[in-house]
Amino acid sequence: LSPEEAAALADLLAAYVPPGQKPRTPAKVRAFVKEWKMDDLLPALDGVAKDRNFERGREIYASAQCALCHKFGTDGGSVGAELTAVSSRYSRRDILEALIEPSKVISEQYQNTMILTLGGKILDGRVLEENAERLILQPNPLLPEKIEVKKKDIDKRAASKVSPMPANLINTLRKDEILDLLAYLESGGKKDFPAFASLKKAVDVTDQVAAALKNN
C-alpha cells in the first residue's frame, strides 16, 4: 500500500484478526517519513549498541505488526521466521537489510511459489497442500483465502522472487526509532540488555533527583 492508502485503510487493517489469533492493540497510524536505503542507515548502526529506548523499541515492534507473522519470545505467529534469537544468527547489518529489502534474500522455508496458468493467470502464494492432481495455494498468510489449482492447468511453476514480508515497513519510522527497533530485536525482548542500560540509568537518576526535591 502507498502511505495514503495505508492511512485511509488504517482502521480496517488494525481491526483485522487472523483466525486463531487473539485480538491485538490497534496499530498506531504513522505518517510517511522517508524511503529508507541501506546507505542512509549503515553509518548509524553502531548507535544500536548504546543509549537506546527499550519501551520505544517494543512499541515500534508492536506498531509494525511484526507479531502477526513472527514469534518473539512467547508471543507471535508462525508464518515467518522466529525472531527471539535473531541476533545470534544474523549480523546487525543483515537484520537491517531484511527490513529494508526483504526480497533480496528469501529463505526457502518461507518462500512463496509463483504459478503461471495455461490461461495466462499469474498466482503467487504459499503451497499448503499438494498431490498428483492439484495444489492449494494461500496468497496472503494473514488472510484465510485459499486457491485450488489443478496441475493440468499449470503452464509454469517457480519459486517466487518476492518475499511474503512487505517492503517499506520502516518508511514511517524516524532514524532513532529504527535504531531502537534493531536494539529491541537484538535484545530478545530483555529490558536489561546492555543497549538500554545507559538510558535506564539516566532515568533512574532523574527519578531519584525528583524524589529528593519532593521530599525537601
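Rules used in this analysis
- Residues numbered from 1 in each chain as written.
- Predicted model: local features only at pLDDT ≥ 70, side-chain atom pairs only at ≥ 80, totals over all residues.
- Heavy atoms only, no water.
- Axes fitted to C-alpha atoms, helices over the stretch in contact; angles between N-to-C directions.
- Helix = DSSP H or I, 4+ residues; strand = E, 2+ residues; numbered from the N terminus.
- Parallel < 35°, antiparallel > 145°, perpendicular 65-115°, else oblique.
- Contact = heavy atoms within 4.5 Å.
- Nonpolar A, V, L, I, M, F, W, Y, C, P; charged D, E, K, R; others polar.
- Buried < 20%, exposed > 50% of the residue type's maximum accessible area, 1.4 Å probe, protein only.
- Phe/Tyr/Trp six-rings, centres within 6.5 Å; stacked < 30°, edge-to-face > 60°.

Moving on to the packing of helix α4 (residues 54-63) against helix α7 (residues 175-187). Between α4 and α7, whose axes approach to 8 Å, the crossing angle comes to 90°. Relative to α7, the element α4 lies roughly perpendicular. Judged by residue contacts, F54, R56, G57, R58, I60 and Y61 of α4 engage D176, E177, D180, L181, Y184 and L185 from α7. Its residues assigned to classes, the contact of α4 with α7 comprises six nonpolar, one polar and five charged.

Tracing the sequence through the fold places T117 in strand β3 (residues 113-117). A residue is classified by how much of its surface remains accessible, and T117, at 14% relative accessible area, is buried. Contacts of T117, omitting those with residues within four sequence positions, involve L123, D153, I154 and D155.

Right, let's talk about the packing of aromatic side chains for a bit. Tallied over the full model, the rule gives six aromatic pairs. Plain terms: the ring middles of F54 and F196 are 5.3 Å apart, the flat faces sit at 80° to each other, and that makes the pair edge-to-face. Placement of F54 in helix α4 and of F196 in helix α8 (residues 194-215) is noted, with a sequence separation of 142 residues between them. Note on accessibility: F54 and F196 belong to one class, buried. Both rings, one in Y61 and one in Y184, keep their centres 5.7 Å apart while their planes meet at 55°; by these two values the pair is tilted. Taken together, the residues span a long stretch of sequence, with Y61 in helix α4 and Y184 in helix α7 at a distance of 123 residues. Of the two residues, Y61 and Y184, both sit in the buried class.

Function cannot be read off these values alone, since they describe shape.
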